[in-house]
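So the chains spell out like this:
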Amino acid sequence: MVTVLDVQDLRTYLPTKKGIVKAVDGVSFHIDEGEIIGIAGESGCGKTETMLSIVQLIQPPGKIMSGRVIIDDEDILQLKANSPGMRSVRGRKMSFIFTDPKTSLNPTLAIGRQITEVLETHLDMDKQAARERTVELLDMVGVPDAGARMDDRPFQFSNGMRQRVMIAMALACNPMVVITDEPTNVADITTKSQLLELMKGLVSGLNTSLIITTQNLGMLTRYARRVYVMYAGRIVESGPTTVVFNNPCHPYTLGLLRSVPRLGVNKSIKKLNPLLGFTPDLIDMPPHCAFLPRCTYKTERCEREPWPDMRPVGEDHQIRCYVDLREIP
Amino acid sequence: MNKSHQEILVEVNNLKMYFPVRRGIFRRKVGEVKAVDDIDFTIMRNEILGLVGESGCGKTTTGRCISRLYKPTSGSIFLEGTEISAMSEKQLKPIRRSIGIVFQNPYTSMPPGQRVGNIIGNPLITYHLTDGTEYKDRIAELLHSVGLDPAMANRTLTELSPGQRQRVAIARTLAPQPSLVICDDPVSGMDVSVQAQLINLLDELQESLGLTCLFLTRDLAMGQYISDRVAVMYSGRIVELATSRELCENPLHPYTRALISATPVPDPVLESKRHYTVLPGEAPDPVTPPTGCHFHPRCPIAVGECHEERPPLREVGVDHYVACIKA
């Protein structure tokens, strides 16, 4: 397998009046060609900030402090955020699919124009070629009667169709990596499934890699080959989805899994056993594990020693914890 | 659960809620949004009834009709034997405190600058439920019942997290001891651990206070977990109604099946055995819904008759109703 994107020790800090928020604090992960990976974690865990840092879309005063983001043998963090080089990375090598269909398209432009613009800018296509390619793209994502609908504006499309348009836009330049950042409150389950199924097909057809960030663990089980679980700006567990969700070794992963109701399990059969407390304030974090206050498996060592590094517990399976849940009866 | 041993708290018959669509300078009525299109169901005392459907299916409208925030177009709603669907505002006044609502978004459903104690205490004062001496104790008791520290009464809402705010909203709803609580997707958009905490709270309240609840949600997994019975809604109509267990084990309506198939389970072993089929298309426009069964254009097993006549919600088993001629 060829690694297309390799993120190493990424740190993004956001200075605020109260102190520095370490939104991303030493995140490393990689994705192979044609692979789908998932980044799981609750709001505030830094998953969105990580994705925005990769393409340098962090708004000041937020700042990327250190790290390497290697795509195509090039460390793109060396490029300036507004440089032509970085701009060609966005869209051409990497692209985003935002899943809020109401706000992510320009309401005043015909949808065809929003896609041809991408093609003309990044691939230097002329108008005619861009139009033809756009029809192809819209066809590919299943917008019916694409040639005629190109000149319609977003309000003339349903939410599902708008999302298809956004997928077409993201795939316009055949990027190496596509990132979908999913807000929790959007899209119905049948639409969401339609879209993920579509993306899965396209990704394997085009040999593009896909990163899904979500807190819907079910979706990751269905689509992601590998998964990274994030907490308080760091990755706490990583590994193949089947291994991690079958045998979670980090207490946070276990807590997340126990918080999700499963189909066919009613409260009369088995109660949910959710994580207590809430996600920590990322300002002035203690040196020890940030999950400690919510952890039911903590030992004395956890309080005494700093947050450990990732350590392997199985093939391609790593955790950031002194305790391994498999060893606890 | 056998119906005959239980007391019916709410009975809804032929409920319809149509909103007019007006156009032109004379605001002439050019059509109707059939948000709720002739539905029947009952809620037993001390039961949580889940109403599951995707956005736009009419579940919120149903909730608002029952709480009489809307006056339904037609149909009847019996609350503890009293017909409330046609009551005037004045007649409704003594009824209002019997129905509580927990809204979806705790950021917009309560004034942010107010103190928690005031928010919870307001209904107590409005309905003259307390004299001065018990007031503070009652607030402390309510806060305690939703799992918050009674000292929180002095905090303002802006200091609280989404989960805590929703607990305050629940406490406020419980303050006048309503006989029915309508929860309008109270956990959507929250972190999964917070969702689970709130759902567990609701479960505890059902047991400790004998709460009766209509739980509206678009998350089938959540709906079937917390509810005793579940009604599945599609395009303004109830398509299937059964006990939670029966609905998951023996779904009969093709839409219910599609929802179940589209809802993934975070268990790799189970998930790999499940078969997922994509439901094509999108929910219909409520102004111009399809003829006959609203689901027929997307239905994998539709036949000619489905285009013509609306299938009635018929009983197919113990406490299991389905609106499909092929089921």
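Residues numbered from 1 in each chain as written. Chains lettered and ligands numbered in written order. Predicted model: local features only at pLDDT ≥ 70, side-chain atom pairs only at ≥ 80, totals over all residues.

Some thoughts on the interface of chain A and chain B
Then comes step 1: Each partner contributes residues to the interface: chain A has 40 residues there, and chain B has 42 residues.
Then comes step 2: Listed by contribution, the elements that provide at least two residues to the side of chain A that touches chain B are α7 (189–206), α8 (217–223), α9 (241–246) and α10 (251–259) of chain A.
Then comes step 3: Here the side of chain A that touches chain B is composed, by residue class, of 14 nonpolar, 19 polar and seven charged. (Contact = placed C-beta atoms within 7 Å. Helix = DSSP H or I, 4+ residues; strand = E, 2+ residues; numbered from the N terminus. Nonpolar A, V, L, I, M, F, W, Y, C, P; charged D, E, K, R; others polar.)

Description of the nonpolar core
Soluble globular proteins tend to bury their nonpolar side chains together.
Then comes step 1: In this structure, A:A168, B:L214, B:V232 and B:I238 are the most contacted members of the largest nonpolar core, which totals 182 residues.
Then comes step 2: A per-element tally of this core places helix α6 (residues 159–171) of chain A first, with eight residues.
Then comes step 3: Here this core spans two domains, since at least three of its residues come from each of domain 1 (3–98 + 181–193 + 204–322) and domain 2 (107–177) of chain B.
Then comes step 4: Not counting residues up to four positions away in its chain, the partners in contact with B:V232 are B:V52, B:G53, B:I238, B:V239, B:E240, B:H253, B:Y255, B:T256 and B:L259. (Core = buried A, V, L, I, M, F, W, Y, C linked by C-beta atoms within 7 Å. Buried ≥ 20, exposed ≤ 12 C-beta atoms within 10 Å, placed from the backbone. Domains from an automatic or database assignment.)

Brief notes about the pairing of strand β6 (residues 94–98) of chain A
All names here are of chain A.
Then comes step 1: For β6, the buried fraction is high: four of the five residues fall into the buried class.
Then comes step 2: Note: β6 against strand β7 (residues 177–181), five bridges, orientation parallel. The residue bridging M94 from the neighbouring strand is V177, located in β7. (Pairing = 2+ DSSP bridges.)

Structural notes on the sheet that holds strand β2 (residues 28–44) of chain B
Residues and elements named next belong to chain B.
Then comes step 1: In spatial order, the strands read β2-β1-β4-β5; together these four strands make up an open sheet with antiparallel pairing. Strands with a single pairing partner mark the edges of an open sheet, and in this sheet they are β2 and β5 (82–83).
Then comes step 2: Pairing of strand β1 (residues 8–23) with β2 involves 13 bridges; the strand directions are antiparallel. The partner of R23 across the bridge, within β2, is R28.

Notes on the sheet that holds strand β5 (residues 74–75) of chain A
Residues and elements named next belong to chain A.
Then comes step 1: With antiparallel pairing, four strands are arranged side by side in an open sheet as β2-β1-β4-β5. Looking along the sheet, the strands with just one partner apiece sit at the ends: β2 (20–32) and β5.
Then comes step 2: The pairing of strand β1 (residues 3–15) with strand β4 (residues 63–71) spans seven bridges and is antiparallel. Considered in β4, the bridge of Y13 is made with K63.

Points about the domain arrangement of chain B
Residues and elements named next belong to chain B.
Then comes step 1: Here chain B is described as being made up of domain 1 (3–98 + 181–193 + 204–322) and domain 2 (107–177).
Then comes step 2: Placing the centre of domain 1 and that of domain 2 at their C-alpha centroids yields a distance of 30 Å.
Then comes step 3: At the interface, four residues of domain 1 touch six residues of domain 2.
Then comes step 4: Among the residues forming the side of domain 1 that touches domain 2, the class breakdown is three nonpolar, no polar and one charged.

Structural notes on helix α4 (residues 132–145) of chain B
Residue and element names in this part refer to chain B.
Then comes step 1: Along its 14 residues, α4 runs 21 Å from first to last C-alpha, staying within 8% of the 20 Å computed at 1.5 Å per residue.
Then comes step 2: Contacts made by the buried residues of α4 are with α3 (116–126) and α5 (162–174).
Then comes step 3: Two residues or fewer after α4 comes G147, characterised by a positive phi angle close to 80°. (Expected span 1.5 Å × (residues − 1).)

Observations regarding unusual backbone geometry
Excluding glycine, residues mostly have negative phi values, and the peptide bonds linking residues are mostly trans.
All names here are of chain A.
Then comes step 1: The step from P60 to P61 runs through a cis peptide bond, and the omega angle for that step is 10°.
Then comes step 2: Note on placement: P61 falls in the loop between α1 (47–54) and β4.
Then comes step 3: Although it is not a glycine, N207 adopts a positive phi angle of roughly 60°.
Then comes step 4: Considering the arrangement of structural elements, one finds N207 in the loop between α7 and β8 (209–214).

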